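# Topology and contacts: notes
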Amino acid sequence: MPTHVRSRRPRSFVPLTALLAAAGLVLTACGGSSSSDSAGGKTITLTEMDYYNTEPLHSALPKQLKECGDKAGVTVKRQVVPELRTKLMQLAGSRAIPDLVLLDNPDLQQLAATGALADLGAAGLSTDGLYPNIVAAGQYQGKLYGVAPGVNQLALYYNTAMFKKAGVEPPRTWDELRTAAKKLTDGEKVRGVGFAVPATEEGSFQFESFFFGSGASLKKLDSPQAVAALQLLKDLVASGAAPKDVLSWTQANVEEQFANGSLAMMVNGPWQLPQLQKAGMKDFGIVPVPAPAGGTSSSALGGEVWAAGNNGDKARKAAEVIKCMVSKDNSLAWAKLTNYVPSDESAAAELASSVPEMKTFVKTIGTARGRTAELGADYPKYSQAMWTAVQAALSSGKSPAAALAEAQREATR
């Protein structure tokens, strides 16, 4: 199974300017290439970077790249870089971005803002057949800089045996979630619900599944809708229906607690399905993350996007490779390897019919929201302010309203 954590366990952001300054680099547009074209009719070589260093993706990705490279008449030279974001920001300053990059989708706008990436739309890449919200997550200032082969978001897993014994139905609203979590809690032995809101991007990613569902906007962190979302989590922790450990848990920790029966429900992503299977967990169901009565479930989009370096004529060849990588067949193959939802709508429908556990994720992917769609390159500072507010409200007597008001002030300084 894919175990790389970037799209599943979002990490803390460091401002682009700080990264470049630390590297002693100057922010400039990237117009060069990290590889040279061959002359005399020889095959053009495109350089590529990604961070997948675990199986099966470590082996599967080169095969897809070779297939798509052959179709485009190029050779793709792959390089695995674990700390990819930091490396790319450094390369942006030295005008050496690779021809192809597979990076975490929240990083795209900051990189595009440097001029380092090619406009894929201008390079001839069509997004017909892809989910509109997924396409939007790959845009910056109205131009297309990245396209996802597949995406993920969060849902609510529940223990069917516990629910049956307690006579509880899967919750659809926040009030139903409060009631079910309280009823399913058995002291410290079993907690009603678990989620992960550590002081990192992972905490924002998880909180956003309630934040977006409330109808809140990232531009206004202290809106009444946002306050209500944070109040929900505070109530769950204060009542004991959710453990205080949520403040330090990762999503992997939450899965472990759910698998061993310590949680009746958990908020988590589709990448946990192989882990649950490995743990022998069979009695579970999956429903959308509850929303306020009359609202619509909406989580944050996770996953990676393909982008092309702004490297002259090579950008068009890179766009041809990307077109192949995000095609219906390759999107479906990628989704099955990563436990993602394909970006292609018809491929997603096919996945839902063949993998029942993915039905809820496919059903709700169209309402998921890109984390940078509203804020673009400014998202990192808002995200940090958000997870700081969640920590403050859940770990102390600070009210959600006060914590988010401070977050809004901090983000807009």
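For the structure given in this document, a descriptive report is provided here. Keep in mind that this is a model prediction, so the values were computed, not measured.

### Remarks on the packing of aromatic side chains
Using the criterion set out here, one finds 9 aromatic pairs in the structure. Their ring planes at 55 degrees and their centres at 6.2 Å tell us that tyrosine 157 and phenylalanine 361 sit as a pair that is tilted. Note that tyrosine 157 is positioned in strand E7 (residues 155-159) and phenylalanine 361 in helix H15 (residues 359-365), a separation of 204 residues in sequence. Across the pair, phenylalanine 361 and tyrosine 157 agree in class, each one buried.

### Side note on the sheet that holds strand E8 (residues 265-268)
In spatial order, the strands read E8-E7-E9; together these 3 strands make up an open sheet with antiparallel pairing. One side of each edge strand has no neighbouring strand; the edge strands of this open sheet are E8 and strand E9 (284-287). Between one strand axis and the next, the sheet turns through 25 degrees on average, direction left out of account.

### So, the packing of helix H8 (residues 201-211) against helix H9 (residues 224-238)
Their axes nearest at 9 Å, the elements H8 and H9 cross at an angle of 115 degrees. Classified by the angle their axes make, H8 and H9 are roughly perpendicular. You can see that H8 and H9 cross each other, and the crossing is right-handed. Here H8 contributes Phe207, Phe210 and Phe211 to the contact with H9, which in turn contributes Ala226, Ala229, Leu230, Leu232 and Leu233. Split into classes, the residues belonging to the contact of H8 with H9 amount to 8 nonpolar, no polar and no charged.

### Examining the sheet that holds strand E2 (residues 74-80)
Strand order across the open sheet formed by 4 strands is E2-E1-E3-E10, with mixed pairing between neighbours. With partners counted over all chains shown, the strands left at the sheet margins are E2 and strand E10 (304-308), one partner each. Taken over all neighbouring pairs, the strand axes of this sheet differ in orientation by 25 degrees on average, direction set aside. In the sheet, strand E1 (residues 44-50) pairs with E2 via 7 bridges, with the strands oriented parallel. By the bridge assignment, isoleucine 44 is partnered in E2 with valine 74.

### Some details on the environment of glutamate 176
Within the secondary structure layout, glutamate 176 lies in helix H7 (residues 174-184). Judged by its relative accessible area of 29%, glutamate 176 falls in the partly exposed class. Separated by 117 residues in the primary sequence, glutamate 176 and alanine 293 have C-alpha atoms spaced 9.3 Å apart. Not counting the four nearest positions on each side in its chain, glutamate 176 is found in contact with Pro170 and Pro171.

### Concerning the pairing of E10
The element E10 is extensively covered by neighbouring structure, given that 5 of its 5 residues are classed as buried. Alternating positions in E10 separate into two faces, Glu304, Trp306 and Ala308 on one and Val305 and Ala307 on the other, with burial throughout. Relative to E10, strand E3 (residues 100-104) runs antiparallel, the two sharing 5 bridges. Residue aspartate 104 lies in a different strand from E10, and its bridge partner there is glutamate 304.

### Overview of the environment of methionine 265
Along the chain, methionine 265 turns up in strand E8. The sequence separation of methionine 265 and glutamate 255 amounts to 10 residues, and the corresponding C-alpha distance is 9.8 Å.

### Here's the deal with the pattern of salt bridges
The tally for this structure, following the rule as stated, stands at 16 salt bridges. Where arginine 178 meets aspartate 175, a salt bridge forms, and the shortest distance between an N and an O atom there is 3.4 Å. With a gap of 3 residues between them, arginine 178 and aspartate 175 both fall in helix H7, about one helical turn apart. Since its relative accessible area comes to 28%, arginine 178 is described here as partly exposed. By relative accessible area, aspartate 175 is classed as exposed at 54%. Here lysine 328 ties to glutamate 350 by a salt bridge, and the two come within 3.8 Å at their closest N and O atoms. With lysine 328 in helix H13 (residues 328-338) and glutamate 350 in helix H14 (residues 345-354), the pair connects residues that are 22 residues apart, well separated along the chain.

### Focus on helix H10 (residues 251-259)
Looking at H10, one finds that the buried residues are Gln251, Val254, Glu255 and Phe258. Buried residues of H10, seen end-on, are gathered within an arc of 100 degrees and therefore sit on one face of the element. The inward-facing, buried residues of H10 abut E7, H8, E8, helix H11 (273-278) and E9. Once H10 finishes, glycine 261 follows within two positions and takes phi at roughly 90 degrees, a positive value.

### Thoughts on the state of the cysteines
Enumeration according to the criterion identifies 1 disulfide in this entry. In this model cysteine 68 forms its disulfide with cysteine 324; the gap between the sulfur atoms is 2.1 Å. Since a negative S-S torsion denotes a left-handed disulfide, the cysteine 68-cysteine 324 link at about -70 degrees is left-handed. In this pair, cysteine 68 sits in helix H2 (residues 57-72) while cysteine 324 sits in helix H12 (residues 314-325), placing the two residues 256 residues apart along the sequence. The pair cysteine 68 / cysteine 324 is uniform in exposure class, with both members buried.

### Some words on the packing of H9 against helix H16 (residues 379-395)
The geometry of H9 relative to H16 is characterised by a closest axis approach of 9 Å and an angle of 35 degrees between their N-to-C directions. Between H9 and H16 lies a crossing of right-handed hand. Here H9 contributes Leu230, Leu233, Lys234 and Val237 to the contact with H16, which in turn contributes Ala389, Val390, Ala393 and Leu394.

### Brief notes about the environment of lysine 77
Within the secondary structure, lysine 77 sits in strand E2. Setting aside chain neighbours within four positions, we find lysine 77 in contact with Thr45, Leu46, Thr47 and Glu48.

Rules used in this analysis
Residues numbered from 1 in each chain as written. Predicted model: local features only at pLDDT ≥ 70, side-chain atom pairs only at ≥ 80, totals over all residues. Heavy atoms only, no water. Phe/Tyr/Trp six-rings, centres within 6.5 Å; stacked < 30°, edge-to-face > 60°. Helix = DSSP H or I, 4+ residues; strand = E, 2+ residues; numbered from the N terminus. Buried < 20%, exposed > 50% of the residue type's maximum accessible area, 1.4 Å probe, protein only. Pairing = 2+ DSSP bridges. Axes fitted to C-alpha atoms, helices over the stretch in contact; angles between N-to-C directions. Parallel < 35°, antiparallel > 145°, perpendicular 65-115°, else oblique. Left-handed = near helix turned anticlockwise from the far one by under 90°. Contact = heavy atoms within 4.5 Å. Nonpolar A, V, L, I, M, F, W, Y, C, P; charged D, E, K, R; others polar. Salt bridge = Lys/Arg side-chain N within 4 Å of Asp/Glu carboxyl O. Arc of directions from axis to C-beta. Disulfide = S-S within 2.5 Å.

Just geometry here; none of it tells us what the structure is for.
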